[in-house]
Amino acid sequence: MDARDLSEDKVDNYRWQLGRLELVPIVIGGMGVDISTSELALTACRLGGVGHISDAMVQHVSDRKYDTHFTKAKSEKHRGTRDGIDKTTVKFDLEHLRQAQLNHVRHTMDRKQGPGAIFINVMEKLTMGAPGDTLRARLAGAMDGGIDGITLSAGLHIGSLKLVEDHPRFRDVKIGPIVSSVRALKIFLKGAARLKRMPDYVIVEGPLAGGHLGFGDDWRDYDLRSIVAEILAFLREEKLDIPVLPAGGIFTGTDAASYLRMGAAAVQVATRFTITEECGLPARVKQDYARAREEDLVVSGVSPTGYPIRLLSYSPCFDSNIKPQCEAFGYLLSREGTCAYLDAYDATPVDEKGHKLPVQGKVCLCYHFSKFNCYTCGHYVYRLKDTTHRLADGRYQILTATHVFRDYQFSTGNHVALPAPLEAPAAATADQ
Ligand SMILES: Cc1cc2nc3c(=O)[nH]c(=O)nc-3n(C[C@H](O)[C@H](O)[C@H](O)COP(=O)(O)O)c2cc1C
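Per chain, residues are indexed from 1 in the order of the written sequence. Local features are withheld for residues below a pLDDT of 70 in this predicted model, meaning they are given only at 70 or higher, and side-chain atom pairs are given and counted only at 80 or more; totals for whole chains, interfaces and linings count all residues.

**Some thoughts on the overall build of the protein chain**
A helix here means a DSSP run of H or I that spans at least four residues, while a strand means a run of E at least two residues long, and both kinds are numbered starting from the N terminus. When helices and strands are tallied, the protein chain shows 15 helices and 12 strands. Its C-alpha atoms give the protein chain a radius of gyration of 22 Å, near enough to 22 Å, the size a compact globule of 432 residues would have. With respect to the three principal axes, the spread of C-alpha positions in the protein chain is 65 × 65 × 45 Å. Exposed residues have 12 or fewer other C-beta atoms within 10 Å of their own C-beta, buried residues have 20 or more, and residues in between are partly exposed; the C-beta atoms are placed from the backbone. A buried classification covers 49% of the 432 residues belonging to the protein chain. Radius of gyration means the value over C-alpha atoms here, while the globule rule gives 2.2 Å times the residue count to the 0.38 power.

Structure (structure tokens):
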């Protein structure tokens, strides 16, 4: 292709053949906690792409949306440890957990329409007091609920496939890991080869993605395109035909097409959908995303998971002194009942009235994600304002997911299509 053809190239020139499905090669990434809602995933599916729901804090999500009471039951059962920091006895009821997952997936899959697919994002770092058992319950619940695909994220998932090798859908459901290096991919493939269950795709997430990052403090030294090139070369060498999906900082259809031209099967995107109607963030938070400036971004060590997380600096979660909520939530508790926030909370002094001072260094991710207080986002969040209109009252016009999806699919020349304005332009209004 010459230079002009390159800028005219678009995502719609490509398709991703996944088993019997011929997909528009756009995947909306999982965004927990219920930021990538069923509605968002269903839109991608209806338009011929792939949408993810997320199973982060799935009992809480099931309670909020489907009138169940798993969180209350857990909280009451473990009432005795509420005032201490010893959480060794706080465990999930595995049948409740499987049921919550089943609810979430079924309520989504029952409404599925169109030629695409619905996947679920399952994070290994949600260790939930019993890492193997709770992960098994979530994976089984998702497959029982009829999910099309499972994306294994936030961890190396060395033992995850083995947990469900006996499930009747183990070889029919699509499965793919998220990796940030060829090394992580090799580790995953070793386990997969042992079970003769190779992944159906691999998502390669670079350092500009939203959520937790699979990099250390040196994340600036890496770039997505080089990692994707390295992984494509490795797969070619090994004669492994595994579709590769780059993710992180792919902001325009032209960016996306450039990866497809390189040999990627599809792209995974997320941040641009945070200001859509279908996104689960509250309306005021969508405005907080839309107004972000580059200087508002931080890659922070506040997550108890140990992974860096990209956040907006004005996220309400910072400097809070909230009491640990492990009895109700506890999604990050280790097998031994520890969490880095528990330690940070315990080490925080009280003021002269006996009130805890703001906890430094860590945040209670469970509590704050449940309240949408952690404004995690991809690096290019500050370009969201260029994708929509500013309204007369200073707010930004919220988009539809269909608009953003189609813009990724059809745009050329690095353009971003603006939506039809909700309001007449200011000058025209003044003339009337
Ligand atoms: C608000 C938000 C929440 C996210 N939550 C998760 C998550 O729970 N698990 C996960 O694996 N990735 C998560 N991600 C990462 C996305 O799935 C996706 O891979 C990445 O953000 C793509 O880059 P982009 O946002 O620059 O398009 C999140 C991203 C955003 C923006």
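The rest of the description comes next.
**Considerations on the environment of Asn321**
Note on placement: Asn321 falls in the loop between β12 (309–312) and α12 (340–347). Considered as a pair, Asn321 and Val363 are 42 residues apart in the sequence and their alpha carbons are 8.5 Å apart.

**Quick look at the site of the ligand**
Within the structure, the ligand sits among 30 residues, and Gly29, Gly32, Gly210, Gly211 and Gly378 are positioned closest to it. Looking at the shell around the ligand, the elements with two or more residues in it are β5 (117–123) and β10 (267–269). Here is the check we use: build the C-beta atom from the backbone, and if it is within 6 Å of the molecule or strand, call the residue near.

**Focus on the nonpolar core**
Grouped together as the largest cluster of nonpolar side chains are 125 residues, with contacts concentrated most on Ile26, Ile150, Val204, Leu245 and Val267. C-beta atoms are placed from the backbone for every residue, and two residues are taken to be in contact when these atoms lie within 7 Å. Those residues in contact with Ile26 that lie beyond four places of it in its chain are Val11, Ala44, Gly49, Ala266, Val267, Val269, Phe405, Tyr408 and Gln409. Here a nonpolar core is just a set of buried residues of the types Ala, Val, Leu, Ile, Met, Phe, Trp, Tyr and Cys, joined wherever their C-beta atoms sit within 7 Å.

**Some points on the environment of Ile118**
Inspection of the secondary structure puts Ile118 in strand β5. For Ile118 and Gly378, which are 260 residues apart along the polypeptide, the C-alpha to C-alpha distance reads 22 Å. When sequence neighbours within four positions are dropped, the list of residues in contact with Ile118 reads Ala41, Cys45, Gly51, Ile53, Thr108, Met109, Lys112, Ile147 and Asp148.

**Some remarks on the confidence of the model for the protein chain**
Across the protein chain, the average pLDDT comes to 96, with 97% of residues at or above 70. pLDDT: the predictor's confidence for each residue, scored from 0 to 100. Within the model, pLDDT remains below 50 along residues 428–432, and this stretch shows 1 contact once partners closer than five positions in the same chain are excluded.

**Brief notes about unusual backbone geometry**
The omega angle of the peptide bond from Gly32 to Val33 is 0°, so this bond is cis rather than trans. For Val33, the position within the fold is in the loop between β3 (26–28) and α2 (38–46). Even without being glycine, Asn414 reaches a positive phi, approximately 60°. Along the polypeptide, Asn414 turns up in the loop between α14 (401–410) and α15 (426–431).

**Things to note about the environment of His107**
Structurally, the position occupied by His107 is in helix α5 (residues 94–109). With 42 residues separating them in the primary sequence, His107 and Lys65 have C-alpha atoms 9.7 Å apart.

**Here we look at α5**
Look at α5: 22 Å from first C-alpha to last across 16 residues, which is about the 22 Å you get at 1.5 Å a residue. Within the sequence span of α5, burial applies to Leu97, Arg98, Ala100, Gln101, Leu102, Asn103, His104, Val105 and Thr108. Where α5 is buried, its residues touch α2, β4 (50–54), α3 (58–66), α4 (70–77), β5 and α6 (131–144). Here, expected helix span is obtained from the residue count minus one, scaled by 1.5 Å.

**Overview of the pairing of strand β9 (residues 244–247)**
Because side chains alternate across β9, one face comprises the buried residues Val244 and Pro246, and the other comprises Leu245 and Ala247, equally buried. What makes two strands pair is DSSP finding at least two bridges between them. Here 4 bridges tie strand β8 (residues 202–205) to β9, and the two strands are oriented parallel to one another. Looking across to β9, one finds that Val204 is bridged to Pro246. Convention used here: a crossover is right-handed provided that the path from the first strand, over the helix, to the second strand proceeds clockwise when the strands point away from the viewer. Viewed along the sheet, the connection from β8 through helix α9 (residues 224–237) into β9 turns out right-handed.

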